[in-house]
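# Fold and contact review
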Amino acid sequence: MRSSVIASAVVAAIVGFGGTLALIIAAAQALGATQAETASWVTALCLSMFIATGFLSWRYRMPIITAWSTPGLALIGASTGFTMQQGVGAFIVTAIAIILTGLIKPISGLVSKIPASIASGMLAGVLFAFLIGAARTIPVDPLFVLPLVLLFFVIRLFNPAMAVLAVLFGGIVFAFASGRAASVPDIGLSTLTLIMPVFDTRAVIGIALPLYLVTMASQNLPGFAVLRAAGYEPPASAALLVTGLLSLLTSPFGAHTSNMAAISAAICTGPDAHPDPAKRWLTGPFYALSYLILAIFGASLVALFAVLPAPLIALVAGLALIGAFANALTIALKNETERLAAVVTFAVTASGISIGGIGAAFWALVAGLLVVAFDHAKKHI
């Protein structure tokens, strides 16, 4: 056991949790959720991460990291005219669709057959936004950000896995000491609130369908790509079944979709986590334990992370993904015959475009596959 295993798992959990809390709150507000329902949403998601990651990593002896659908939160937050009860009904429909995807092998088989260059190009495009976000924090508050950047590169010379943790905890202390963060909220235990679903046709079309598409295209495919990039062959069907079932069980408590992680997984699957790929699965249980703690104190942690300066969360996320971005880009461009398709996929993903309520990663996948199809057709002319 190496300290880097624990450090990578904790960093992945904290980055994933802290970096998306604002999106959860925005999505809950869009659906008119109460404070108790919002806290329940967060707690249910954390419990889902605890069970899914802990079980899948132990069962398959690989770092199968799960998360919640970040683009799905953005989609929900942009929706209007729906209630929390209708949202829960839509979440249940999405969960059933993911379960069916895991059960019907032709569908899961198609997911597994996406070319590595396309999947890695999409992953690189997803990660690129976070690197850019980190760079943009410098002009926002240079006196706060630049010392933390320097700290990261100095610590990385001696212990790469601890560099991000040093920035995170150093940044928290710096934020409170400099008055950039408000006072610490009261600590209390979380509770779950049962929300009765309402199945509305508009919500199924406006939330459930696009939520399924963005979850598959923007979370599950990149998540499988992360594992393949690290040399693993992910059990796609089993992962979809487990995350789909947990989504179904947690949706009545407000949680939207559980799925494969891409960004958090990139932190846990690289050599910084453990030099031996066969031992990196140990990040899974520690990641799961981190989310159990977050579930217990979810309501209080929502308030705590909400008072931290936004540049700190963006900086930590970006610095944690530099290595993963370089690795994904290398794999995307490795196959010369698919290099153009990979570049197109990367560019569309990084653009952040949204068409018909569906995010850039889905359209990037479509664009990349079309380029590959055209190239293959040319060979037969």
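Remember, predicted model here, so these are calculated numbers, not experimental data. (Residues numbered from 1 in each chain as written. Predicted model: local features only at pLDDT ≥ 70, side-chain atom pairs only at ≥ 80, totals over all residues. Heavy atoms only, no water.)

Our focus in this paragraph is the overall build of the protein. Scanning the protein from N- to C-terminus turns up 19 helices and two strands. When the backbone C-alpha atoms are referred to their principal axes, the protein occupies close to 70 × 55 × 40 Å. Counting every position in the protein, which comprises 381 residues, the buried fraction comes to 54%. In the protein, 84% of the contacts between residues at least 6 apart in sequence involve partners at least 24 apart. When the accessible surface of the protein is summed, it comes to about 15800 Å², and 72% of that surface belongs to carbon and sulfur atoms. Distance between charge centres in the protein, computed from 16 positive and 10 negative side chains, equals 8 Å. (Helix = DSSP H or I, 4+ residues; strand = E, 2+ residues; numbered from the N terminus. Buried < 20%, exposed > 50% of the residue type's maximum accessible area, 1.4 Å probe, protein only. Contact = heavy atoms within 4.5 Å. Areas by Shrake-Rupley, 256 points an atom, 1.4 Å probe, with all protein chains shown as cover. Lys, Arg positive; Asp, Glu negative; His and termini not counted. Charge placed at Lys NZ, Arg CZ, Asp CG, Glu CD.)

Turning to the nonpolar core, a few remarks are in order. Counting residues in hydrophobic clusters, the biggest one holds 81 residues, and the most contacted among them are Phe17, Trp41, Trp68 and Tyr291. The element that contributes the greatest number of residues to this core is helix α1 (residues 3-18), accounting for eight residues. Excluding its chain neighbours within four sequence positions, the residues that come into contact with Trp41 are Ile24, Ala27, Ala28, Leu31, Leu73, Ile76, Met84, Phe91, Phe253, Gly254, Ala255 and His256. With 17 residues, the next largest nonpolar core counts Tyr232, Ala239, Leu240 and Val242 among its residues. (Core = buried A, V, L, I, M, F, W, Y, C linked by side-chain atoms within 4.5 Å.)

Between its first and last C-alpha, α1 extends 22 Å over 16 residues, near the 22 Å set by a 1.5 Å rise per residue. Counting buried positions over the 16 residues of α1 gives 13, a clear majority of the element. (Expected span 1.5 Å × (residues − 1).)

On to the packing of helix α11 (residues 201-229) against helix α12 (residues 236-250). Where α11 meets α12, the axes come as close as 11 Å, and the angle between the chain directions of the two elements is 135°. The orientation of α11 relative to α12 falls into the category oblique. In this structure, α11 crosses over α12, and the sense of that crossing is right-handed. For the pair α11 and α12, the contacting residues are Met216, Asn220 and Phe224 in the first and Ala236, Ala239 and Leu240 in the second. Residue classes in the contact of α11 with α12 are distributed as five nonpolar, one polar and no charged. (Axes fitted to C-alpha atoms, helices over the stretch in contact; angles between N-to-C directions. Parallel < 35°, antiparallel > 145°, perpendicular 65-115°, else oblique. Left-handed = near helix turned anticlockwise from the far one by under 90°. Nonpolar A, V, L, I, M, F, W, Y, C, P; charged D, E, K, R; others polar.)

Together, Ile187, Leu189, Leu289, Ile293, Ile296 and Phe297 line one region of the surface with nonpolar side chains, adding up to about 570 Å² of accessible area. Along the chain, Phe297 turns up in the loop between α14 (283-296) and α15 (298-307). According to the relative accessible area criterion, Phe297 is partly exposed, its value standing at 31%. (Patch = residues over 30% accessible without salt bridge, like charges linked within 9 Å, V, L, I, M, F, W, Y side chains within 5 Å. Salt bridge = Lys/Arg side-chain N within 4 Å of Asp/Glu carboxyl O.)

Looking now at the packing of aromatic side chains. For the coordinates displayed, the defined rule picks out nine aromatic pairs. For the ring pair Trp68 and Tyr291, a centre distance of 5.8 Å and an interplane angle of 80° mean the geometry is edge-to-face. Here the residue Trp68 occupies a position in strand β1 (residues 66-68), and Tyr291 occupies one in helix α14, the gap between them amounting to 223 residues. For the pair Trp68 and Tyr291, a shared accessibility class is recorded, and that class is buried. A network of ring pairs unites the aromatic residues Phe17, Trp68, Tyr287 and Tyr291 as a single cluster. (Phe/Tyr/Trp six-rings, centres within 6.5 Å; stacked < 30°, edge-to-face > 60°.)

In total, this model carries three salt bridges according to the counting rule given. Close ionic contact of Asp200 with Arg202 constitutes a salt bridge, the shortest N to O distance being 3.7 Å.

Scored by pLDDT, the protein has a mean of 85; 95% of the residues are at 70 or more. Of all the helices and strands in the protein, helix α6 (residues 105-112) carries the lowest mean pLDDT, 68, while α12 carries the highest, 95. (pLDDT = per-residue confidence, 0-100.)

Here we come to the side chain of Gln219. Following the sequence through the fold, Gln219 ends up in helix α11. Gln219 sits in the buried class, given a relative accessible area of 7%. If sequence neighbours within four positions are ignored, Gln219 has contacts with Trp68, Ser69, Thr70, Pro71, Val214, Asn259, Met260, Ala261 and Ala262.

All right, on to the environment of Leu213 then. Here Leu213 lies in helix α11. We classify Leu213 as partly exposed; its relative accessible area is 24%.

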